[in-house]
Amino acid sequence: MTEPLVLVEKLDHVARIQLNRPHVLNALNMQLIRQLVEVLEECDQDEQIRVMIITGNEKAFAAGADIKEMVDASPVDLMVKRYLSDWLRIRQISKPLIAAVSGFALGGGCELAMCCDLIIASESARFGQPEINIGVMPGAGGTQRLTRAVGKVKAMEMILTGKSITAQEALDYGLVNRVVPVEDLDKEALALAQEIASKPPLAVRLAKQSILKALDLSLEDGLHFEQNNFCMLFATEDQREGMQAFVEKRKPTFRGR
Ligand code: HXC
């Protein structure tokens, strides 16, 4: 039997999804991305799950798209195989995604981390977009998400030189939420996931959606979008529960309804 390319573990309300091609530093071939997206979509439908963590191993989160799979490709091959289309499906995931990154997060690996909503890096993490060194450029969101995350000049430097940055630099640039010792990565990612999972899921979902819109919309349109989502939450049981619990000075119990 062949090993699955992603391993899934569900712990209460959190799904931990581990990329599993360690012999090639988790190089992202099409099959792996397809399996990852299918698992994410399945978790997105699973009412028990509220937050997903994507992680790799100590040496690599992912060292990029699988170069051996692309080396002989023509543009037509990429179009016919819809090489990049699964990546767009990650953006449709409504629940929060946390990337827990140790080791290499390069090229598509860095792009995958940036598809997530929060990034926890271990001290060994290295982020970079080295595609320029192999004759191409980022293709799964690198020029767009990195620029939004770290600003134009730093994105230019990283993408045009292909040099990677340390976890501490990534923290200083605002690319990651925090840096933790390697041995604490899993624990810290899980603690953050559990904290978010304790919040009302529908409010979390609409807040995530609204924050992502902030990167796309004008302020005027973004404020309208936010107002609509705010009002919509007054249709949920969790709004009543949350506010009632405050008034009654007790802890709320959120059900995701
Ligand atoms: C395929 C890869 C790979 C990759 C590593 N491997 N990265 N295979 N695609 N992206 C394989 C190696 O071929 C090798 O297998 C094994 O993993 C271990 O790698 P080494 O190079 O021996 O390890 P090391 O010396 O520690 O160097 C680590 C490294 C280097 C610096 C990360 O592997 C490297 O530069 N990798 C490529 C990084 C890269 O260019 N990423 C961007 C890809 S393009 P064998 O069998 O030879 O031992 C991209 C486009 C995204 O991501 C846009 C579309 C989605």
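Thresholds, definitions, all that
Residues numbered from 1 in each chain as written. Predicted model: local features only at pLDDT ≥ 70, side-chain atom pairs only at ≥ 80, totals over all residues. Heavy atoms only, no water. UniProt positions renumbered as here; feature names shortened; annotations may be inferred. Helix = DSSP H or I, 4+ residues; strand = E, 2+ residues; numbered from the N terminus. Expected span 1.5 Å × (residues − 1). Buried < 20%, exposed > 50% of the residue type's maximum accessible area, 1.4 Å probe, protein only. Near = heavy atom within 4 Å. Polar contact = N/O pair within 3.5 Å; in protein donor to acceptor, adjacent residues only side chain to side chain. Areas by Shrake-Rupley, 256 points an atom, 1.4 Å probe, with all protein chains shown as cover. Domains from an automatic or database assignment. Contact = heavy atoms within 4.5 Å. Buried area = accessible area lost by both parts, 1.4 Å probe. Salt bridge = Lys/Arg side-chain N within 4 Å of Asp/Glu carboxyl O. Nonpolar A, V, L, I, M, F, W, Y, C, P; charged D, E, K, R; others polar. Phe/Tyr/Trp six-rings, centres within 6.5 Å; stacked < 30°, edge-to-face > 60°. Lys NZ or Arg CZ within 6 Å of the ring centre and 35° of its normal. Lys, Arg positive; Asp, Glu negative; His and termini not counted. Pairing = 2+ DSSP bridges. Axes fitted to C-alpha atoms, helices over the stretch in contact; angles between N-to-C directions.

Going by what an unreviewed UniProt entry lists, the protein chain is known as Probable enoyl-CoA hydratase echA8 and is assigned to Thermoflavimicrobium dichotomicum. Annotation of the protein chain in UniProt includes, under Function (unreviewed entry), the sentence "Could possibly oxidize fatty acids using specific components." Under the UniProt heading Sequence similarities (unreviewed entry), the entry covering the protein chain gives this text: "Belongs to the enoyl-CoA hydratase/isomerase family."

**Comments concerning helix H10 (residues 201–214)**
For H10, built from 14 residues, the straight-helix expectation of 20 Å at 1.5 Å per residue is met to within 8% by its first-to-last C-alpha distance of 20 Å. Residues of H10 that are buried: Val204, Leu206, Lys208 and Ser210.

**Topic: the site of the ligand**
Taken together, 24 residues sit near the ligand, with Val24, Ala63, Ala65, Ile67 and Gly108 positioned nearest. Between Lys59 and the ligand, the recorded distance is 3.2 Å, taken from a side-chain N or O atom to an oxygen atom. Here an oxygen atom of the ligand sits 2.8 Å away from a polar atom, N or O, in the main chain of Ala65. Protein chains bury 65% of the 1,000 Å² of accessible surface belonging to the ligand in isolation. Looking at the shell around the ligand, the elements that each hand over two or more residues are helix H2 (67–70), strand S6 (104–106) and helix H5 (108–115). With three residues, the single largest contributor to the shell around the ligand is H2.

**A short note on the domain arrangement of the protein chain**
You can read the domains of the protein chain as domain 1 (6–198) and domain 2 (201–248). Averaged C-alpha coordinates put domain 1 and domain 2 at centres separated by 27 Å. Of the residues lining the interface, 10 residues belong to domain 1; the matching set on domain 2 comes to seven residues. With both sides pooled, the region where domain 1 packs onto domain 2 buries about 760 Å², and carbon together with sulfur makes up 51% of that total. On the domain 1 side of the contact with domain 2, Arg91, Ser94 and Arg148 bury the most area, a combined 53% of that side's loss. Applying the counting criterion to the domain 1 and domain 2 interface returns two salt bridges. Its residues placed into classes, the side of domain 1 that touches domain 2 shows four nonpolar, one polar and five charged.

**Concerning the packing of aromatic side chains**
Applying the stated rule across the entire model yields one aromatic pair. If you follow Lys154 out to its NZ or CZ, it ends over the ring of Tyr173, 4.8 Å from the centre.

**A short note on the side chain of Arg50**
Summarising the element assignment, Arg50 is placed in the loop between helix H1 (30–45) and strand S3 (51–55). Buried and without a salt bridge, Arg50 has Asp238 as its closest oppositely charged side chain, separated by 6.1 Å. Among the polar contacts listed, one links the side chain of Arg50 to the backbone oxygen of Ala197, at a separation of 2.8 Å. Only 3.1 Å separates the side chain of Arg50 from the backbone oxygen of Phe254, close enough to count as a polar contact.

**Quick look at the sheet that holds strand S1 (residues 6–11)**
A sheet is described by the order of its strands in space; here six strands give the open sequence S1-S2-S3-S5-S7-S10, paired in mixed fashion. Either end of the sheet is taken by a strand with one partner, and the two such strands are S1 and strand S10 (178–180). For this sheet the average axis-to-axis angle between neighbouring strands, irrespective of direction, equals 20°. With four bridges joining them, strand S5 (residues 97–101) and strand S7 (residues 118–122) adopt parallel strand pairing. Across the sheet, the residue bridging to Val101 is Ala121, located in S7. Helix-sheet contacts for helix H9 (residues 185–197) involve S1, strand S2 (14–19), S3, S5, S7 and S10, and the interaxial angle to S7 is about 160°.

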